[in-house]
Amino acid sequence: MGWLSFLWRKGEAPKRRTRKLADLSAGDALFLAEASPLPGKWTIDKAHRFVDIERQTLVFWQFEVTDGERRHFVEVHLPDAPATDGRAVVSFPLDPTEYGEVEALELDPDEPPRQIAWRGRDYQLAAARNLRFYRNTGEHPRDMLHLEYAAEDGRRTLTFEFWSSAGMPVTSEGLCLAPEEIQ
């Protein structure tokens, strides 16, 4: 009889303790299904918050996750009214070699285009908002313009974060996770 036998009866699967999203922090684990873009167990290294400056409401959490070798980001967006379900996006920061492609889009943060084409896909502007970024490490918040574009199927996203009016945006490509892909 091992020490783990006190946690559950023989033949039963161990029960996972789940926590509310708002309570997740560094050290907690996310489990993504085999069918997801990042299957397996991911440990949260950092948990950041993005808040709508004008409405002073939380828009999404961004978790920096690792499986011991790879590092990615999982964003969990709160639902917009009248929707009842939030959504999760696995985002992949673009490789520096792709910046030339992104730069060719010539996005104007003051007047973002309603539609863009990138890598053979058409994207529609889904959200343009001023957000405040809060690190879980307690550093001072930073403001940015957050542009989110979504492909027609709603599965792919392209995000631009303008941290200042000048310079290149931080850009990431994302895949929306279906509810069954999060365990």
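Here's a quick rundown of the structure. (Residues numbered from 1 in each chain as written. Predicted model: local features only at pLDDT ≥ 70, side-chain atom pairs only at ≥ 80, totals over all residues. Heavy atoms only, no water.)

1. Points about the pairing of strand E5 (residues 87-93)
Then, in step 1: Relative to E5, strand E4 (residues 71-77) runs antiparallel, the two sharing five bridges. Paired with phenylalanine 73 across the two strands is serine 91, which belongs to E5.
Then, in step 2: In the sheet, E5 pairs with strand E10 (residues 170-177) via six bridges, with the strands oriented antiparallel. For proline 93, the partnering residue across the bridge sits in E10 and is serine 172. (Pairing = 2+ DSSP bridges. Helix = DSSP H or I, 4+ residues; strand = E, 2+ residues; numbered from the N terminus.)

2. Section: the packing of aromatic side chains
Geometrically, a pair of aromatic rings is defined through the distance of the ring centres and the angle of the planes.
Then, in step 1: Counting across every chain of the model gives four aromatic pairs.
Then, in step 2: Their ring planes at 55° and their centres at 5.0 Å tell us that phenylalanine 50 and phenylalanine 133 sit as a pair that is tilted. With a gap of 83 residues between them, phenylalanine 50 in strand E2 (residues 40-52) and phenylalanine 133 in strand E7 (residues 121-134) connect regions that are remote in the sequence.
Then, in step 3: Overall, the relative accessible area of 1% leaves phenylalanine 50 in the buried class.
Then, in step 4: Judged by relative accessible area, which is 6%, phenylalanine 133 ranks as buried.
Then, in step 5: Where phenylalanine 133 meets tryptophan 163, the ring centres are 5.5 Å apart and the plane angle is 85°; that geometry is what we call edge-to-face. (Phe/Tyr/Trp six-rings, centres within 6.5 Å; stacked < 30°, edge-to-face > 60°. Buried < 20%, exposed > 50% of the residue type's maximum accessible area, 1.4 Å probe, protein only.)

3. What to know about the pattern of salt bridges
Then, in step 1: Inspection of every chain in the model, using the stated rule, returns eight salt bridges.
Then, in step 2: Taking the shortest distance from any N to any O, the salt bridge between arginine 119 and glutamate 173 comes out at 3.0 Å. Here the residue arginine 119 occupies a position in the loop between strand E6 (115-118) and E7, and glutamate 173 occupies one in strand E10, the gap between them amounting to 54 residues.
Then, in step 3: Residue glutamate 173 is classed as buried on the basis of its relative accessible area of 12%.
Then, in step 4: Among the ionic pairs, arginine 129 bridges to glutamate 148, the shortest N-O distance being 3.6 Å. Here arginine 129, found in strand E7, pairs with glutamate 148, found in strand E8 (residues 142-151); they are 19 residues apart in sequence, far enough to count as distant.
Then, in step 5: In this structure arginine 129 comes out as buried when scored by relative accessible area, which is 16%.
Then, in step 6: The structure contains a network of salt bridges with shared partners spanning Asp45, Glu64 and Arg71. (Salt bridge = Lys/Arg side-chain N within 4 Å of Asp/Glu carboxyl O.)

From the geometry alone we can't say anything about function, so treat these as descriptive.
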